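Examination of the molecular architecture
One-letter residues, chain by chain:
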Amino acid sequence: MRVCRSAAVALLAASMMAGCSAPAGPEGTTRPQLLVVADTGTPVQTVLAHLYSGALSRGGATTRVDTVDGLPGALTGLDDASVALVPTFTGSLLAQLDPSSGARAPEDVYVDLARALPEWLAVTDQGLAENGPTVSVTAAAGAALPEATLSALSPQCSRLAAAIDPGVDAGAVTQALAESYDCVFAAAGSTDVTVVRASDRVAEVDATDVVLADDRDGLTADVLVPLVRKGTVDESLDRPLQVVAGELTTADLAELVERVRGGEDPGAVAESWLGMQSF
């Protein structure tokens, strides 16, 4: 299990809810009998919490999913040991812990996240699933591009209007596109460009839109990674964590989230995916 460490405790403390009084994790913390996985309340996080809880259970752990008050509540739970694991994404977590970071490429974001974590927390290797902003164009606009990349779109940006989903940080995306691709969309006009998070890009949309590759790593990577309190999730549970990291794709996650949004039970949805994996 690869561990990321840092002494930047103040960055974490600034993002926690008031009332957190537990000190930094003590040495020699032992794994509790019950591992609590935090669900921070969004459909994506709910799905992931049940996936990790189910995976750890298949690895022999006793687990439970608890809903907490967003990422600050999850961090507080990690601090006071009421939470063992928080499913999260590298870019989103880094933005909370170190807003000054300018990292965008996946490995750069991971390295900066390593520097921003307090020493009693750890993350394992990054997964396959991502949840960063994705840019697509209509089939007609895509057919006019020499290749399906943001670089190829760049010369056309000023003539195209974009619809940016409310779940995306529009300011950050437009700044990144301008800086990395010299791409500034038209203020008005026919909407040929759509920007949504990867977990919101369902199969029906992909069938009609062309998703463009971020060929210069201009948009901040947001890769799945579990954040754990040291001493709670030990190396005997590496295998279930590796299954989620190595098998859950972005498309898988988007499909599971869509099912939960459609009213299916998140535990059952998670179990349906876990049942197809080898533990």
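An account of the accompanying structure is given in this report.

Criteria and thresholds
- Numbers given to residues run from 1 along each chain, matching the order in which its sequence is written.
- Where totals are concerned, whole chains, interfaces and linings use all residues; where local detail is concerned, this predicted model gives features only for residues with pLDDT of at least 70, and gives and counts side-chain atom pairs only at 80 or more.
- Hydrogens and waters are ignored; side-chain quantities use all the structure's heavy atoms.
- An axis is simply a line fitted to the C-alpha atoms; with a helix, the fit covers only the stretch in contact. Between two such axes, the angle follows the N-to-C directions and lies from 0 to 180 degrees.
- Counting from the N terminus, the helices are the DSSP runs of H or I reaching at least four residues and the strands are the DSSP runs of E reaching at least two.
- An angle below 35 degrees is read as roughly parallel, one above 145 as roughly antiparallel, one from 65 to 115 as roughly perpendicular, and any other as oblique.
- Crossing chirality is assigned from the near helix's rotation relative to the far helix, an anticlockwise turn below a right angle marking it left-handed and a clockwise turn marking it right-handed.
- Pairs of residues are marked as contacts when any of their non-hydrogen atoms sit within 4.5 Å.
- Amino acid classes used here: Ala, Val, Leu, Ile, Met, Phe, Trp, Tyr, Cys and Pro are nonpolar; Asp, Glu, Lys and Arg are charged; the rest, including Gly, are polar.
- Categorising residues by exposure relies on relative accessible area from a 1.4 Å probe, with only protein chains included: less than 20% of the type maximum marks a residue as buried, more than 50% marks it as exposed, and the intermediate range marks it as partly exposed.
- Strands qualify as paired when DSSP identifies two bridges or more between them.
- Sulfur atoms of two cysteines make up a disulfide when they are within 2.5 Å.
- Any carboxyl oxygen of Asp or Glu within 4 Å of a side-chain nitrogen of Lys or Arg constitutes a salt bridge here.

**What about the packing of helix α2 (residues 43-58) against helix α10 (residues 238-247)?**
Where α2 meets α10, the axes come as close as 8 Å, and the angle between the chain directions of the two elements is 140°. As far as their axial angle goes, α10 and α2 are oblique. Seen from above, α2 lies across α10 with right-handed handedness. Residues Tyr52, Ala55 and Leu56 of α2 form the contact with α10, whose participating residues are Pro240, Leu241 and Val244. Residue composition of the contact of α2 with α10, grouped by class: six nonpolar, no polar and no charged.

**Quick look at the side chain of Ser151**
For Ser151, the location among the structural elements is in helix α7 (residues 150-153). Excluding residues within four positions of it along the chain, Ser151 makes contact with Tyr181, Asp215 and Arg216.

**Examining helix α3 (residues 70-79)**
Within α3, nine of the 10 residues are buried, which leaves it mostly tucked inside the rest of the structure. Of all the residues in α3, the buried ones are Gly70, Leu71, Gly73, Ala74, Leu75, Thr76, Gly77, Leu78 and Asp79. Downstream of α3 by one or two residues, Ala81 has phi in the positive range, about 70°.

**Observations concerning the pairing of strand β3 (residues 85-89)**
Of all five residues making up β3, five are buried, and the element is well covered by its neighbours. Relative to strand β9 (residues 224-229), β3 is paired through five bridges, and the arrangement is antiparallel. For Phe89, the partnering residue across the bridge sits in β9 and is Leu224.

**Examining α10**
Residues Asp238, Pro240, Leu241, Val243, Val244 and Ala245 constitute the buried set of α10. Summarising the contacts, the buried residues of α10 are in contact with α2, β3, β9 and α12 (266-274).

**So, the state of the cysteines**
Inspection of the entire model under this criterion finds one disulfide. Between the sulfur atoms of Cys157 and its disulfide partner Cys183 the distance amounts to 2.0 Å. On the sign convention where negative means left-handed, the S-S torsion of about -95° between Cys157 and Cys183 marks this disulfide as left-handed. Linking Cys157 in the loop between α7 and β6 (161-164) with Cys183 in the loop between α8 (170-181) and β7 (191-197), this pair joins segments that are 26 residues apart in sequence. Accessibility expressed as a relative area gives 0% for Cys157, which makes it buried.

**Things to note about the pattern of salt bridges**
Counted by the stated rule, this structure contains seven salt bridges. The residue Arg197 makes a salt bridge to Asp222 at a minimum N-O spacing of 3.3 Å. Taken together, the positions of Arg197 in strand β7 and Asp222 in the loop between β8 (209-212) and β9 put the pair 25 residues apart, joining distant regions of the chain.

**Looking at unusual backbone geometry**
The backbone of Ala81 sits at a positive phi, close to 70°, despite the residue not being glycine. Under the relative-accessibility criterion, Ala81 is labelled partly exposed at 43%.

**Focus on the sheet that holds β8**
The sheet built from four strands is open, its strands ordered β6-β7-β5-β8 with mixed pairing. The sheet terminates laterally at β6 and β8, the two strands that pair on one side only. Between one strand axis and the next, the sheet turns through 30° on average, direction left out of account. Bridge count for β6 against β7 is four bridges, and the pairing is parallel. What sits directly across from Ile164, in β7, is Val195.

**Considering the environment of Thr40**
Here Thr40 shows up in the loop between β1 (34-39) and α2. Under the relative-accessibility criterion, Thr40 is labelled buried at 16%. Along the sequence, Thr40 and Gly70 sit 30 residues apart, while their C-alpha atoms lie 4.3 Å from each other. For Thr40, the contacting residues outside a window of four places in its chain are Gln45, Val68, Gly70, Leu71 and Ala74.

Just geometry here; none of it tells us what the structure is for.
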